[in-house]
Amino acid sequence: MRPSYYIKPFLELVLAAIAIVSIPKAHDNLVSLKDEQVDSLEKLFKEYSNVVIEDKLYLATNQPIYSPGESIWFGVFLKNSQLLKSTKSDIVHVDLLAPSGKVVQSLALIAREGHCGGDFSTSSSMPGVFYKLKANTRWMQNVIDSAGYEKDILIQKVVLPRLKMSLTFDKSSYTKGEEVIARFSAITNDNLPLRNKPFTYELKSDGIKISEGTSTTGDDGLMYVRYVLPSKFKSRDMQMNVKIEYDGLTESINKAVPITSTEVSVEFFPEGGDMIASIPSRVAFRSMDEQMNPVHIEGIISDSKGKQICKIETFNKGMGSCYFTPGANESYTLHLTKPADVIKTWQLPEPLSNGFNLEVNQVNQELQLHLRSSGVYKAIIIGQVRGKVCYSTSSLLQPGDNKLNISLANFPTGVAQFTVFDQRMTPRAERLVFVNRDRLMNISIQTEREQYQTRDKVKATIRTTDMDGNPIPAIISARVIHDQLLNYADDQSANLLSAMLLEHDLKEKIPSPNSYFDKSDPKSMATLDLLMLTSGWRRFSWKQILSKEVPVIRYSGERTMFTIQVIDGYTGQPIQDAQLKLKETGSVY
């Protein structure tokens with residue numbers, strides 16, 4: 001199907017808006033220096049970044065679910081690495097794909113100022129299945145591992161419940177005989193908690209009831225349900241169903257209980273890259289099942305003689321970390337205690353005999369770097385965010401703990417990459433850190449009234465401020481949607497914030513990326529740091545930069561140019577030297 005060039009206004013509201021083990025010989029106030037090697041690395045990095053310029057795409061849809069026959073409206077956000085409008089592309093190609101992968105509809109949209117909108121129509125005869133929204137620019141095809149932007153779109157008939165209910169679990173997975181804590185909440189359509197209301201729950205395995213009970217919601221509409229899983233069950237297909245009476249009818253919610261598989265994999269990620277013998281090291285780990293779902297584990301790390309070194313337990317989303325000092329010529333093994341029926345063991349990476357490692361902690365508006373060294377080494381430190389060097393220095397490390405404090409005042413919000421080089425300009429340690437999460441723009445919306453009748457006109461005031469409450473300009477998009485549909489869909493896909501600041505800079509697909517920015521979750525900040533410790537950097541490697549392996553640019557970016565002729569409405573003749581003002585940008589031509 002031949003794409004059509006299409007411009008439409010669109011509105012979409014994005015309300016995105018360890019203990020430290022000390023070692024002897026701590027060296028405070030590490031002396032920072034600039035030298036030729038620092039300048040050389042910065043120059044190489046800048047040359048690479050000037051060639052490898054990224055397009056970043058995000059599509060915001062007006063609904064998480066569509067009924068057959070509804071239009072799929074979406075807003076397009078096209079940015080470069082610095083989250084400014086793209087310098088390479090004006091045209092975005094958007095496709096709607098059927099489950100078979102066949103392109104159903106296509107559009108080519110013009111996003112000269114970094115944003116635009118479009119829509120796809122759906123047929124009333126469409127089956128209730130997942131379609132895919134896919135978008136890219138021609139320039140993005142120069143990046144080998146770039147598939148552009150993709151989003152699953154569910155098209156199905158929906159009968160919304162009359163209550164907004166949620167059912168969540170306190171762990172990412174459970175094993176046989178373990179206690180399950182489920183959080184159930186019920187809220188009316190008027191956003192009032194369903195207080196002191198009795199409800200029933202039941203647990204089924206392979207469709208067979210194995211447990212049931214009753215409880216009552218609290219004054220806040222919440223209740224925590226506790227039950228112990230059987231010591232034996234054959235299938236991981238475990239479902240929890242909650243039923244509650246409301247206005248004479250029964251409403252229900254059903255969720256799968258995450259059951260731990262015996263096929264567990266555990267990966268270890270020493271902070272900075274390597275463990276060094278006789279130097280304290282933080283080691284992050286990640287546990288998953290065969291379907292790449294996070295698994296809650298507990299276990300013991302022992303040395304080659306069977307001596308217990310430390311206990312470990314996942315903190316959140318199958319991730320955790322531990323702290324210990326590895327010995328020289330020693331090996332370490334993990335034995336799981338939960339799940340109890342997993343007999344497999346895992347070897348930790350072997351410690352190096354000498355060198356240095358890197359630990360990074362974020363405290364308020366500073367980063368505290370600990371470069372723990374086994375000897376005297378020159379270290380060159382480069383810190384960059386989205387292709388821009390924000391910090392660089394060189395220092396002479398002494399044996400022990402070398403401390404360095406770095407102000408985050410000049411760092412934009414996002415994933416920062418810190419790389420430490422030795423005197424031969426060889427990368428020896430690297431750490432990703434998400435910096436300045438609290439410096440995001442604040443968005444507030446207020447309506448003139450709390451309640452409206454059907455067809456009433458709604459006037460809303462939207463304010464955007466910085467972290468200090470000062471007003472700042474912003475491009476705002478908004479959507480009006482039934483909150484029951486949001487609650488029913490339980491959409492876990494990325495929003496504009498998590499897509500632009502997180503997903504684009506990491507190798508792997510991140511489940512529930514928005515949760516890492518949830519300030520109401522006390523675990524979110526620490527979980528975000530664990531994600532940085534366990535997920536790989538996507539955009540480039542220093543090996544490419546040092547060897548000057550600049551990718552070949554095979555596809556030029558698509559730009560647009562408008563030719564406008566002003567005609568006299570009475571005579572039909574062209575008007576010379578007419579001035580035109582573009583309403584969207586205020587530019588005069």
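Scroll up for the structure.
Residues numbered from 1 in each chain as written. Predicted model: local features only at pLDDT ≥ 70, side-chain atom pairs only at ≥ 80, totals over all residues. Heavy atoms only, no water.

Engineer: Report on the overall build of the protein, specifying residues and quantitative values.
Structural biologist: A tally of helices and strands in the protein yields five helices and 33 strands. The C-alpha radius of gyration of the protein comes to 28 Å, within 12% of the 25 Å expected for a compact globule of 589 residues. With respect to the three principal axes, the spread of C-alpha positions in the protein is 90 × 70 × 45 Å. A buried classification covers 45% of the 589 residues belonging to the protein. Side-chain charges in the protein split into 68 positive and 67 negative, and the spacing between the mean points of these groups amounts to 2 Å. (Helix = DSSP H or I, 4+ residues; strand = E, 2+ residues; numbered from the N terminus. Rg over C-alpha atoms; globule rule 2.2 N^0.38 Å. Buried < 20%, exposed > 50% of the residue type's maximum accessible area, 1.4 Å probe, protein only. Lys, Arg positive; Asp, Glu negative; His and termini not counted. Charge placed at Lys NZ, Arg CZ, Asp CG, Glu CD.)

Engineer: Tell me about the sheet that holds strand β30 (residues 414–421), residues and numbers included.
Structural biologist: Paired through their backbone hydrogen bonds, the strands of a sheet run either parallel or antiparallel. Reading across the sheet, the four strands line up as β28-β27-β30-β31 and stay open at both edges, with antiparallel pairing between neighbours. Strand pairing shows two members of the sheet lacking a second neighbour, β28 (388–397) and β31 (427–435), which therefore form its edges. Between one strand axis and the next, the sheet turns through 15 degrees on average, direction left out of account. In the sheet, strand β27 (residues 377–385) pairs with β30 via six bridges, with the strands oriented antiparallel. Within β30, the residue paired with Ile-380 across the bridge is Phe-421. Seen against the sheet, helix α4 (residues 524–534) touches β30 and β31 and runs at an angle of roughly 150 degrees to β31. (Pairing = 2+ DSSP bridges. Axes fitted to C-alpha atoms, helices over the stretch in contact; angles between N-to-C directions. Contact = heavy atoms within 4.5 Å.)

Engineer: Break down a nonpolar patch on the surface for me, with residues and values.
Structural biologist: On the surface, a nonpolar cluster with roughly 540 Å² of combined accessible area is contributed by Phe-562, Ile-564, Leu-580, Leu-582 and Tyr-589. Positionally, Leu-580 belongs in the segment after α5 (542–546). Assessed through its relative accessible area of 32%, Leu-580 is described here as partly exposed. (Patch = residues over 30% accessible without salt bridge, like charges linked within 9 Å, V, L, I, M, F, W, Y side chains within 5 Å. Areas by Shrake-Rupley, 256 points an atom, 1.4 Å probe, with all protein chains shown as cover. Salt bridge = Lys/Arg side-chain N within 4 Å of Asp/Glu carboxyl O.)

Engineer: Now, about empty space enclosed by the protein: what can you tell me, with residues and values included?
Structural biologist: A volume near 30 Å³ is recorded for the largest cavity. Lining the largest cavity we find Asp-274, Ile-276, Leu-352, Asn-354, Gly-355, Phe-356 and Arg-428. The residue inventory of the lining of the largest cavity, partitioned by class, reads three nonpolar, two polar and two charged. By volume, the second largest cavity is sized at about 30 Å³. Forming the walls of the second largest cavity are Glu-271, Pro-280, Ser-281, Arg-282, Asn-357, Leu-358, Glu-359 and Arg-372. Those elements giving two or more residues to the lining of the second largest cavity turn out to be β19 (281–288) and β25 (356–363). Tallying contributions element by element places β25 first for the lining of the second largest cavity, with three residues. Broken down by class, the residue content of the lining of the second largest cavity amounts to two nonpolar, two polar and four charged. (1 Å grid on protein atoms, 1.4 Å probe; cavity = no way out; pocket = protein on both sides within 12 Å on 5 of 7 lines; lining within 4 Å. Points joined across faces, edges and corners; volume = space filled by probe spheres on them. Nonpolar A, V, L, I, M, F, W, Y, C, P; charged D, E, K, R; others polar.)

Engineer: Summarise helix α1 (residues 36–51); cite the residues concerned and give the values.
Structural biologist: With 16 residues, α1 extends 23 Å from end C-alpha to end C-alpha; this agrees with the ideal 22 Å at 1.5 Å per step. Among all positions of α1, only Gln-37, Val-38, Leu-41, Leu-44, Phe-45, Tyr-48 and Ser-49 are buried. For α1, the angular spread of the buried residues around the axis is 130 degrees, confining them to a single face. Turned more than 90 degrees away from the buried face of α1, the exposed residues are Glu-36, Lys-43, Lys-46 and Asn-50. Against the buried residues of α1 lie β27, β28, β30 and α5. (Expected span 1.5 Å × (residues − 1). Arc of directions from axis to C-beta.)

Engineer: Please give an account of unusual backbone geometry that cites residues and values.
Structural biologist: With an omega dihedral of -5 degrees, the bond running from Lys-338 to Pro-339 counts as a cis peptide bond. Positive phi, close to 70 degrees, is recorded for Ser-278, a residue that is not glycine. Here Ser-278 shows up in the loop between β18 (265–270) and β19. By relative accessible area, which is 55% here, Ser-278 ends up exposed.

Engineer: Mind laying out the nonpolar core, listing which residues take part and the relevant values?
Structural biologist: Core analysis: the largest hydrophobic core is formed by 31 residues, its most contacted members being Phe-74 and Val-94. Elements with a minimum of two residues in this core: β3 (56–61), β5 (72–79), β6 (91–97), β7 (103–110), β8 (115–120), β9 (129–136), β10 (149–155) and α3 (496–501). It is β5 that contributes the most residues to this core, five residues altogether. Within the second largest apolar cluster, 25 residues are counted, among which are Val-180, Phe-233, Met-240 and Ile-253. (Core = buried A, V, L, I, M, F, W, Y, C linked by side-chain atoms within 4.5 Å.)

Engineer: Tell me what's going on with the side chain of Ser-394, and back it up with residues and numbers.
Structural biologist: When you line up the elements, Ser-394 lands in strand β28. A polar side-chain atom of Ser-394 sits 3.1 Å from a polar atom in the side chain of Asp-35. (Polar contact = N/O pair within 3.5 Å; in protein donor to acceptor, adjacent residues only side chain to side chain.)

Engineer: Talk me through the pattern of salt bridges; I want residue IDs and the actual numbers.
Structural biologist: One pass over the structure, following the stated rule, counts 30 salt bridges. Residues Asp-401 and Arg-372 are paired through a salt bridge, measuring 3.8 Å at the closest nitrogen-oxygen approach. Separated by 29 residues along the polypeptide, Asp-401 in strand β29 (residues 400–407) and Arg-372 in strand β26 (residues 366–373) bring together distant segments of the chain. Of the two residues examined, Asp-401 and Arg-372, each falls in the buried class. With a closest N to O distance of 3.6 Å, Asp-422 and Arg-424 form a salt bridge. One network of salt bridges, with partners in common, ties together Lys-132, Lys-134, Glu-150 and Asp-152.

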